[in-house]
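Chain by chain, the residues run as shown.
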Amino acid sequence: MPHPQKILQTALRRASRNVARPVLKNAEIVSGVDFVCRNLQNRAGARLLLACLLAKVHKPDLDIRKPYTEIGDPDCYSGRTYDESYIGDFINQNELPCNPTTAFLTPALRNRNIVLTPDVDLVGRPPRLYRTVLELLDEVHNKTVSANDLLAETVRCLLIIRDERRQRMNSLLAGLATSDGTVTLSAEQTVSLIEQHLACRKASRLPVLVVAAAYKVAADHLRERVLPLSAHTSADEQTGALGDLQITLIDDDNVVTAYEMKTRRVILQDIERAIQKIAHAAGKIDNYIFVTTDRIDQDVQDYARSFYEQTGVELVILDCLSFLRHFLHLFHRLRTGYLNAYQELVLAESESSVSQPLKEAFLALRQAANSHE
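Residues numbered from 1 in each chain as written. Predicted model: local features only at pLDDT ≥ 70, side-chain atom pairs only at ≥ 80, totals over all residues. Heavy atoms only, no water.

S.K.: What's the story with the overall build of the chain in this structure? I'm lost.
M.R.: Looking only at helices and strands, one finds 16 helices and five strands in the chain. Based on the C-alpha atoms only, the size of the chain along its principal axes is roughly 70 × 50 × 35 Å. Across the 373 residues in the chain, those meeting the buried criterion constitute 49%. Pairs at least 24 apart in sequence give 73% of the contacts found in the chain among residues at least 6 apart. (Helix = DSSP H or I, 4+ residues; strand = E, 2+ residues; numbered from the N terminus. Buried < 20%, exposed > 50% of the residue type's maximum accessible area, 1.4 Å probe, protein only. Contact = heavy atoms within 4.5 Å.)

So, in C-alpha coordinates, the structure goes:
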(Lines give C-alpha, C1' and ligand atoms only; values in the text may rest on other atoms or scores of the structure.)
Protein backbone atom coordinates (compact mmCIF):
# COMPACT_ATOMS: atom_id res chain seq x y z
CA MET A 1 0.00 0.00 0.00
CA PRO A 2 1.11 3.63 -0.52
CA HIS A 3 2.86 5.49 2.30
CA PRO A 4 0.47 7.26 4.72
CA GLN A 5 1.63 10.68 3.52
CA LYS A 6 0.76 9.71 -0.08
CA ILE A 7 -2.65 8.48 1.06
CA LEU A 8 -3.35 11.82 2.71
CA GLN A 9 -2.22 13.75 -0.36
CA THR A 10 -4.50 11.62 -2.54
CA ALA A 11 -7.42 12.32 -0.22
CA LEU A 12 -6.60 16.03 -0.37
CA ARG A 13 -6.58 16.01 -4.18
CA ARG A 14 -9.91 14.18 -4.31
CA ALA A 15 -11.47 16.54 -1.80
CA SER A 16 -10.13 19.65 -3.56
CA ARG A 17 -11.32 18.62 -7.01
CA ASN A 18 -14.81 19.94 -6.32
CA VAL A 19 -15.01 20.98 -2.70
CA ALA A 20 -18.69 21.93 -3.00
CA ARG A 21 -19.68 18.41 -4.04
CA PRO A 22 -19.70 15.58 -1.46
CA VAL A 23 -17.48 12.61 -2.19
CA LEU A 24 -20.17 10.30 -0.79
CA LYS A 25 -23.73 9.79 -1.95
CA ASN A 26 -24.99 8.64 1.46
CA ALA A 27 -26.50 11.84 2.87
CA GLU A 28 -26.66 10.48 6.42
CA ILE A 29 -22.94 9.73 6.50
CA VAL A 30 -22.12 13.10 4.92
CA SER A 31 -24.20 14.78 7.62
CA GLY A 32 -22.38 12.83 10.34
CA VAL A 33 -18.98 13.89 9.03
CA ASP A 34 -20.12 17.50 8.84
CA PHE A 35 -21.33 17.37 12.44
CA VAL A 36 -18.02 15.98 13.70
CA CYS A 37 -15.90 18.47 11.75
CA ARG A 38 -17.97 21.52 12.71
CA ASN A 39 -18.14 20.79 16.42
CA LEU A 40 -16.64 23.83 18.15
CA GLN A 41 -16.84 22.33 21.62
CA ASN A 42 -14.43 19.51 20.83
CA ARG A 43 -12.22 19.27 17.74
CA ALA A 44 -10.64 15.96 18.76
CA GLY A 45 -13.39 14.02 16.96
CA ALA A 46 -12.25 15.03 13.49
CA ARG A 47 -8.65 14.16 14.30
CA LEU A 48 -9.68 10.76 15.71
CA LEU A 49 -11.63 10.06 12.54
CA LEU A 50 -8.71 11.04 10.29
CA ALA A 51 -6.20 8.87 12.17
CA CYS A 52 -8.39 5.76 12.17
CA LEU A 53 -9.33 6.15 8.51
CA LEU A 54 -5.70 6.64 7.51
CA ALA A 55 -4.71 3.44 9.33
CA LYS A 56 -7.47 1.48 7.59
CA VAL A 57 -6.53 2.75 4.12
CA HIS A 58 -2.85 2.07 4.83
CA LYS A 59 -3.48 -1.46 6.12
CA PRO A 60 -6.88 -2.70 4.90
CA ASP A 61 -6.76 -5.86 7.04
CA LEU A 62 -6.91 -3.82 10.27
CA ASP A 63 -10.11 -3.50 12.26
CA ILE A 64 -10.70 0.26 12.22
CA ARG A 65 -12.48 0.00 15.58
CA LYS A 66 -9.30 -1.23 17.34
CA PRO A 67 -6.90 1.76 17.56
CA TYR A 68 -5.09 0.39 20.66
CA THR A 69 -2.25 -2.14 20.47
CA GLU A 70 -3.05 -3.08 24.06
CA ILE A 71 -6.09 -4.95 22.72
CA GLY A 72 -3.58 -7.58 21.57
CA ASP A 73 -5.42 -8.82 18.48
CA PRO A 74 -3.61 -9.26 15.15
CA ASP A 75 -5.88 -6.65 13.53
CA CYS A 76 -5.41 -3.88 16.11
CA TYR A 77 -3.13 -0.86 15.59
CA SER A 78 -1.84 2.28 17.28
CA GLY A 79 -4.16 5.13 16.36
CA ARG A 80 -1.96 7.51 18.31
CA THR A 81 1.05 6.62 16.15
CA TYR A 82 -0.84 7.41 12.94
CA ASP A 83 -2.19 10.57 14.54
CA GLU A 84 1.13 11.93 15.79
CA SER A 85 3.28 10.72 12.88
CA TYR A 86 1.09 11.83 9.97
CA ILE A 87 -2.15 13.60 10.86
CA GLY A 88 -0.50 16.39 12.88
CA ASP A 89 1.74 17.50 10.01
CA PHE A 90 -1.08 17.14 7.50
CA ILE A 91 -3.51 19.40 9.36
CA ASN A 92 -0.79 21.98 10.09
CA GLN A 93 0.39 22.11 6.47
CA ASN A 94 -3.16 22.60 5.23
CA GLU A 95 -4.41 24.71 8.17
CA LEU A 96 -7.28 22.33 8.85
CA PRO A 97 -9.49 23.14 11.86
CA CYS A 98 -8.62 20.19 14.10
CA ASN A 99 -7.29 19.63 17.59
CA PRO A 100 -3.66 20.86 17.73
CA THR A 101 -2.53 17.72 19.58
CA THR A 102 -3.33 14.03 19.26
CA ALA A 103 -6.90 12.99 19.94
CA PHE A 104 -5.63 9.93 21.79
CA LEU A 105 -4.44 11.95 24.77
CA THR A 106 -7.83 13.52 25.39
CA PRO A 107 -9.62 12.20 28.53
CA ALA A 108 -12.15 10.22 26.52
CA LEU A 109 -9.53 8.25 24.57
CA ARG A 110 -6.37 7.87 26.64
CA ASN A 111 -5.60 4.74 28.67
CA ARG A 112 -8.07 2.63 26.69
CA ASN A 113 -7.73 -0.95 25.43
CA ILE A 114 -11.22 -1.59 24.08
CA VAL A 115 -12.87 -2.02 20.70
CA LEU A 116 -14.59 1.26 19.77
CA THR A 117 -18.06 -0.03 18.90
CA PRO A 118 -21.07 2.34 18.79
CA ASP A 119 -22.36 1.09 22.15
CA VAL A 120 -19.18 2.16 23.99
CA ASP A 121 -19.63 5.18 26.26
CA LEU A 122 -16.37 7.12 26.06
CA VAL A 123 -17.60 9.60 28.68
CA GLY A 124 -16.51 12.43 26.43
CA ARG A 125 -18.20 15.74 25.76
CA PRO A 126 -20.36 16.27 23.89
CA PRO A 127 -21.58 12.66 23.96
CA ARG A 128 -23.18 12.95 20.51
CA LEU A 129 -19.81 13.81 18.96
CA TYR A 130 -18.12 10.63 20.14
CA ARG A 131 -21.19 8.54 19.35
CA THR A 132 -21.18 9.88 15.79
CA VAL A 133 -17.48 9.11 15.32
CA LEU A 134 -17.96 5.55 16.56
CA GLU A 135 -20.93 5.10 14.24
CA LEU A 136 -18.84 6.29 11.29
CA LEU A 137 -16.05 3.85 12.17
CA ASP A 138 -18.66 1.10 12.36
CA GLU A 139 -19.96 2.02 8.90
CA VAL A 140 -16.44 1.42 7.57
CA HIS A 141 -16.15 -1.86 9.46
CA ASN A 142 -19.50 -3.03 8.03
CA LYS A 143 -18.36 -1.95 4.53
CA THR A 144 -21.24 0.49 4.14
CA VAL A 145 -18.61 3.05 3.10
CA SER A 146 -14.96 2.66 2.15
CA ALA A 147 -12.25 4.15 4.32
CA ASN A 148 -10.80 5.86 1.24
CA ASP A 149 -14.04 7.65 0.44
CA LEU A 150 -14.76 8.59 4.04
CA LEU A 151 -11.23 9.96 4.45
CA ALA A 152 -11.65 12.16 1.37
CA GLU A 153 -15.08 13.31 2.58
CA THR A 154 -13.68 14.25 6.00
CA VAL A 155 -10.87 16.24 4.38
CA ARG A 156 -13.40 17.94 2.07
CA CYS A 157 -15.52 19.02 5.01
CA LEU A 158 -12.47 20.40 6.86
CA LEU A 159 -11.42 22.33 3.75
CA ILE A 160 -14.86 23.94 3.54
CA ILE A 161 -14.74 24.99 7.19
CA ARG A 162 -11.19 26.31 6.77
CA ASP A 163 -12.20 28.40 3.76
CA GLU A 164 -15.30 29.71 5.53
CA ARG A 165 -13.15 30.85 8.43
CA ARG A 166 -10.66 32.51 6.13
CA GLN A 167 -13.47 34.33 4.36
CA ARG A 168 -14.92 35.61 7.64
CA MET A 169 -11.52 36.79 8.83
CA ASN A 170 -10.74 38.49 5.53
CA SER A 171 -14.13 40.22 5.57
CA LEU A 172 -13.58 41.49 9.12
CA LEU A 173 -10.05 42.65 8.33
CA ALA A 174 -11.27 44.39 5.17
CA GLY A 175 -13.91 46.18 7.21
CA LEU A 176 -11.24 47.41 9.61
CA ALA A 177 -8.95 48.46 6.77
CA THR A 178 -11.53 50.90 5.40
CA SER A 179 -11.33 52.92 8.63
CA ASP A 180 -7.53 52.76 9.04
CA GLY A 181 -6.12 56.22 9.59
CA THR A 182 -9.55 57.78 9.97
CA VAL A 183 -10.66 56.46 13.38
CA THR A 184 -8.72 56.88 16.60
CA LEU A 185 -10.40 55.47 19.67
CA SER A 186 -9.87 57.24 22.97
CA ALA A 187 -7.98 55.53 25.77
CA GLU A 188 -11.24 54.79 27.57
CA GLN A 189 -12.87 53.44 24.41
CA THR A 190 -9.86 51.19 23.97
CA VAL A 191 -10.17 49.91 27.54
CA SER A 192 -13.86 49.24 26.95
CA LEU A 193 -13.08 47.30 23.78
CA ILE A 194 -10.51 45.10 25.54
CA GLU A 195 -12.86 44.63 28.50
CA GLN A 196 -15.54 43.28 26.17
CA HIS A 197 -13.03 40.92 24.60
CA LEU A 198 -11.89 39.65 28.00
CA ALA A 199 -15.53 38.93 28.84
CA CYS A 200 -15.83 36.44 25.97
CA ARG A 201 -15.82 32.71 26.60
CA LYS A 202 -12.51 30.84 26.87
CA ALA A 203 -10.50 34.06 27.09
CA SER A 204 -7.92 32.97 29.68
CA ARG A 205 -4.99 33.62 27.30
CA LEU A 206 -5.99 37.22 26.64
CA PRO A 207 -4.57 38.89 29.80
CA VAL A 208 -1.12 37.69 28.71
CA LEU A 209 -1.62 39.40 25.36
CA VAL A 210 -2.98 42.58 26.99
CA VAL A 211 0.31 43.08 28.83
CA ALA A 212 2.53 41.75 26.02
CA ALA A 213 1.02 44.25 23.57
CA ALA A 214 1.87 47.12 25.92
CA TYR A 215 5.54 46.16 25.99
CA LYS A 216 5.57 45.48 22.27
CA VAL A 217 4.27 48.91 21.27
CA ALA A 218 6.27 50.84 23.88
CA ALA A 219 9.56 48.91 23.68
CA ASP A 220 11.56 51.89 22.39
CA HIS A 221 10.20 54.12 25.17
CA LEU A 222 10.64 51.57 27.96
CA ARG A 223 13.94 50.18 26.67
CA GLU A 224 12.52 46.78 27.61
CA ARG A 225 11.15 43.89 25.57
CA VAL A 226 9.04 40.76 26.00
CA LEU A 227 10.70 37.40 25.51
CA PRO A 228 8.86 35.09 23.07
CA LEU A 229 5.63 33.77 24.57
CA SER A 230 5.36 30.13 25.64
CA ALA A 231 2.37 28.04 24.62
CA HIS A 232 -0.74 28.64 26.69
CA THR A 233 -0.75 25.02 27.87
CA SER A 234 2.91 25.01 28.93
CA ALA A 235 3.52 25.12 32.67
CA ASP A 236 6.30 27.38 33.93
CA GLU A 237 8.00 24.30 35.40
CA GLN A 238 8.18 22.75 31.91
CA THR A 239 9.48 25.84 30.15
CA GLY A 240 11.78 27.06 32.93
CA ALA A 241 10.06 30.44 32.75
CA LEU A 242 9.51 32.59 35.83
CA GLY A 243 6.01 33.54 34.68
CA ASP A 244 3.63 33.85 31.76
CA LEU A 245 5.56 36.89 30.52
CA GLN A 246 9.24 37.63 30.97
CA ILE A 247 10.66 41.10 30.41
CA THR A 248 14.30 41.93 29.71
CA LEU A 249 16.19 45.14 28.99
CA ILE A 250 16.13 45.78 25.27
CA ASP A 251 19.83 44.95 24.80
CA ASP A 252 20.07 42.15 27.37
CA ASP A 253 18.72 38.63 27.87
CA ASN A 254 18.48 38.70 31.67
CA VAL A 255 14.92 38.76 32.96
CA VAL A 256 14.17 41.83 35.07
CA THR A 257 10.39 41.50 35.42
CA ALA A 258 8.08 38.49 35.42
CA TYR A 259 4.31 38.60 35.01
CA GLU A 260 1.92 35.87 36.07
CA MET A 261 -1.66 36.09 34.85
CA LYS A 262 -4.73 34.90 36.73
CA THR A 263 -8.37 34.84 35.71
CA ARG A 264 -9.22 34.20 39.36
CA ARG A 265 -8.24 35.80 42.65
CA VAL A 266 -4.58 35.61 43.58
CA ILE A 267 -4.21 33.59 46.79
CA LEU A 268 -1.47 33.20 49.41
CA GLN A 269 -0.26 29.96 47.83
CA ASP A 270 0.36 31.81 44.54
CA ILE A 271 2.67 34.21 46.36
CA GLU A 272 4.53 31.36 48.02
CA ARG A 273 5.04 29.56 44.69
CA ALA A 274 6.34 32.81 43.20
CA ILE A 275 8.86 33.13 46.04
CA GLN A 276 10.06 29.58 45.35
CA LYS A 277 10.53 30.38 41.67
CA ILE A 278 12.39 33.58 42.49
CA ALA A 279 14.67 31.68 44.91
CA HIS A 280 15.59 29.13 42.23
CA ALA A 281 15.92 31.63 39.38
CA ALA A 282 19.22 31.77 37.51
CA GLY A 283 19.47 35.54 37.98
CA LYS A 284 18.00 38.25 40.18
CA ILE A 285 14.85 39.99 38.98
CA ASP A 286 13.43 43.35 40.06
CA ASN A 287 9.68 42.71 39.90
CA TYR A 288 7.29 39.80 40.06
CA ILE A 289 3.86 41.05 39.06
CA PHE A 290 0.55 39.22 39.24
CA VAL A 291 -2.14 40.51 36.88
CA THR A 292 -5.68 39.35 37.62
CA THR A 293 -9.10 39.85 36.10
CA ASP A 294 -10.70 39.12 39.49
CA ARG A 295 -10.81 41.20 42.66
CA ILE A 296 -7.67 41.72 44.74
CA ASP A 297 -7.69 40.75 48.42
CA GLN A 298 -5.87 43.34 50.50
CA ASP A 299 -4.40 40.75 52.87
CA VAL A 300 -2.85 38.88 49.91
CA GLN A 301 -1.56 42.16 48.47
CA ASP A 302 0.04 43.03 51.83
CA TYR A 303 1.53 39.54 52.09
CA ALA A 304 3.12 39.94 48.65
CA ARG A 305 4.60 43.32 49.51
CA SER A 306 6.10 41.99 52.74
CA PHE A 307 8.74 39.98 50.87
CA TYR A 308 10.63 42.97 49.49
CA GLU A 309 12.94 43.33 52.47
CA GLN A 310 13.74 39.62 52.42
CA THR A 311 14.21 39.18 48.67
CA GLY A 312 14.87 42.59 47.18
CA VAL A 313 12.17 41.74 44.66
CA GLU A 314 8.93 43.70 44.52
CA LEU A 315 5.88 41.45 44.43
CA VAL A 316 2.62 43.16 43.59
CA ILE A 317 -0.88 42.30 42.35
CA LEU A 318 -2.44 44.47 39.66
CA ASP A 319 -5.89 44.53 38.14
CA CYS A 320 -5.70 43.78 34.40
CA LEU A 321 -7.92 46.63 33.20
CA SER A 322 -6.39 49.12 35.63
CA PHE A 323 -2.97 48.20 34.26
CA LEU A 324 -4.21 48.80 30.72
CA ARG A 325 -5.99 52.05 31.59
CA HIS A 326 -2.90 53.52 33.21
CA PHE A 327 -0.69 52.43 30.30
CA LEU A 328 -2.97 53.96 27.67
CA HIS A 329 -3.14 57.30 29.48
CA LEU A 330 0.60 57.30 30.16
CA PHE A 331 1.38 56.52 26.50
CA HIS A 332 -1.66 58.27 25.06
CA ARG A 333 -0.23 58.67 21.57
CA LEU A 334 0.42 54.95 21.32
CA ARG A 335 -3.17 53.84 21.87
CA THR A 336 -3.88 52.98 18.21
CA GLY A 337 -0.52 51.26 17.97
CA TYR A 338 -1.44 49.33 21.12
CA LEU A 339 -4.64 48.02 19.54
CA ASN A 340 -2.73 47.02 16.41
CA ALA A 341 -0.14 45.18 18.53
CA TYR A 342 -2.86 43.42 20.53
CA GLN A 343 -4.68 42.43 17.35
CA GLU A 344 -1.47 41.08 15.84
CA LEU A 345 -0.78 38.96 18.93
CA VAL A 346 -4.35 37.67 19.09
CA LEU A 347 -4.38 36.62 15.43
CA ALA A 348 -0.94 34.99 15.72
CA GLU A 349 -1.97 32.72 18.62
CA SER A 350 -2.64 29.06 17.94
CA GLU A 351 -6.19 27.74 17.87
CA SER A 352 -5.60 25.99 21.19
CA SER A 353 -4.69 29.28 22.89
CA VAL A 354 -7.10 31.69 21.21
CA SER A 355 -9.93 30.07 19.31
CA GLN A 356 -11.13 31.24 15.92
CA PRO A 357 -14.41 32.59 17.37
CA LEU A 358 -12.40 34.60 19.91
CA LYS A 359 -10.23 36.06 17.15
CA GLU A 360 -13.29 36.93 15.11
CA ALA A 361 -14.93 38.45 18.19
CA PHE A 362 -12.09 40.95 18.61
CA LEU A 363 -12.19 42.03 14.97
CA ALA A 364 -15.97 42.43 15.15
CA LEU A 365 -15.74 44.41 18.41
CA ARG A 366 -13.08 46.68 16.97
CA GLN A 367 -15.05 47.25 13.80
CA ALA A 368 -18.15 48.08 15.86
CA ALA A 369 -16.16 50.48 18.06
CA ASN A 370 -14.78 52.24 14.96
CA SER A 371 -18.22 52.59 13.41
CA HIS A 372 -19.59 54.26 16.54
CA GLU A 373 -16.70 56.69 16.75
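Additional details are given in the paragraphs that follow.
S.K.: In this structure, what is going on with the environment of Glu70? I would like to understand it.
M.R.: On the secondary structure map, Glu70 appears in the loop between α3 (44-58) and α4 (79-93). Put simply, Glu70 and Asn113 are 43 residues apart on the chain and 5.3 Å apart in space, counted from C-alpha to C-alpha. When neighbours within four sequence positions are excluded, Glu70 is seen to be in contact with Arg112 and Asn113.

S.K.: What is the right way to look at the nonpolar core in this model?
M.R.: A general trend in soluble globular proteins is that nonpolar side chains are found buried together. Counting residues in each nonpolar core, the largest one holds 57 residues, and the members touching the most others are Leu50, Leu53, Leu109, Leu150, Leu151 and Val155. Of all the elements in the fold, those that place two or more residues in this core are α1 (4-17), α2 (27-38), α3, α4, α5 (127-141) and α6 (147-177). Counting 45 residues, the second-largest nonpolar core is a separate cluster that includes Ala214, Ala218, Tyr259 and Leu363. (Core = buried A, V, L, I, M, F, W, Y, C linked by side-chain atoms within 4.5 Å.)

S.K.: Just to check I follow, could you spell out the environment of Val33 for this structure?
M.R.: Considering the arrangement of structural elements, one finds Val33 in helix α2. A C-alpha to C-alpha distance of 7.9 Å links Val33 and Leu136, two positions 103 residues apart in sequence. Ignoring sequence-local partners within four residues, the contact set of Val33 consists of Leu136, Leu150, Glu153, Thr154 and Cys157.

S.K.: For this particular structure, what's the right way to read unusual backbone geometry?
M.R.: Among all residues save glycine, negative phi is the norm, and among peptide bonds the norm is trans. A cis geometry characterises the amide bond from Arg125 onward to Pro126, with omega recorded as -10 degrees. On the secondary structure map, Pro126 appears in the loop between α4 and α5. Even without a glycine there, the phi angle at Lys143 is positive, about 65 degrees. Mapped onto the secondary structure, Lys143 falls in the loop between α5 and α6. The phi dihedral of Arg223 is positive, around 60 degrees, even though this residue is not glycine.

S.K.: Teacher, can you tell me more about the packing of helix α11 (residues 268-279) against helix α12 (residues 298-305) here?
M.R.: Packed helix pairs are specified by the crossing angle of their axes together with the interaxial distance, meaning the distance between the axes. At a minimum axis distance of 9 Å, the contact between α11 and α12 shows a crossing angle of 15 degrees. Overall, the two elements α11 and α12 adopt an arrangement that is roughly parallel. Of the two possible hands of crossing, α11 and α12 adopt the one that is right-handed. For the pair formed by α11 and α12, the contact residues are Leu268, Ile271 and Glu272 on the first element and Val300, Tyr303 and Ala304 on the second. A breakdown of the residues in the contact of α11 with α12 according to their chemical character gives five nonpolar, no polar and one charged. (Axes fitted to C-alpha atoms, helices over the stretch in contact; angles between N-to-C directions. Parallel < 35°, antiparallel > 145°, perpendicular 65-115°, else oblique. Left-handed = near helix turned anticlockwise from the far one by under 90°. Nonpolar A, V, L, I, M, F, W, Y, C, P; charged D, E, K, R; others polar.)

S.K.: Help me out: how do you make sense of α12 in this one?
M.R.: Residues separated by three or four positions in an α-helix point in the same direction, a consequence of the helix having 3.6 residues per turn. Restricting attention to buried positions, one finds in α12 the residues Val300, Gln301 and Ala304. Along α12, the residues classed as buried sweep out an arc of 100 degrees about the axis, all on the same side. Where α12 is buried, its residues contact α11 and β5 (314-319). (Arc of directions from axis to C-beta.)

S.K.: Looking at this structure, I do not really get the side chain of Glu260. What am I missing?
M.R.: Relative to the assigned elements, Glu260 resides in strand β3 (residues 255-262). One polar contact links Glu260 to Lys262, side chain to side chain, over a distance of 3.0 Å. In this structure Glu260 touches Asp244, Lys277, Tyr288, Ile289, Phe290 and Val291, once residues within four positions along its chain are discounted. (Polar contact = N/O pair within 3.5 Å; in protein donor to acceptor, adjacent residues only side chain to side chain.)

S.K.: I'm lost on the sheet that holds strand β2 (residues 245-249) in this one. Help?
M.R.: Strand pairs in the sheet, formed through backbone hydrogen bonds, run parallel or antiparallel to each other. A sheet is described by the order of its strands in space; here five strands give the open sequence β1-β2-β3-β4-β5, paired in mixed fashion. Unpaired on one side and paired on the other, β1 (224-226) and β5 mark the two borders of the sheet. Direction aside, the axes of adjacent strands within the sheet are offset by 25 degrees on average. Across six bridges, the pairing between strand β4 (residues 287-292) and β5 is parallel. Bridge pairing links Asn287 to Glu314 in β5. Across the sheet, α11 touches β3, β4 and β5, and the angle it forms with β4 is around 150 degrees. (Pairing = 2+ DSSP bridges.)

S.K.: Mind showing me how you'd approach the side chain of Asp297 here?
M.R.: Mapped onto the elements, Asp297 comes out in the loop between β4 and α12. In this structure the side chain of Asp297 is engaged in a polar contact, spanning 2.5 Å, whose partner is the side chain of Arg295.

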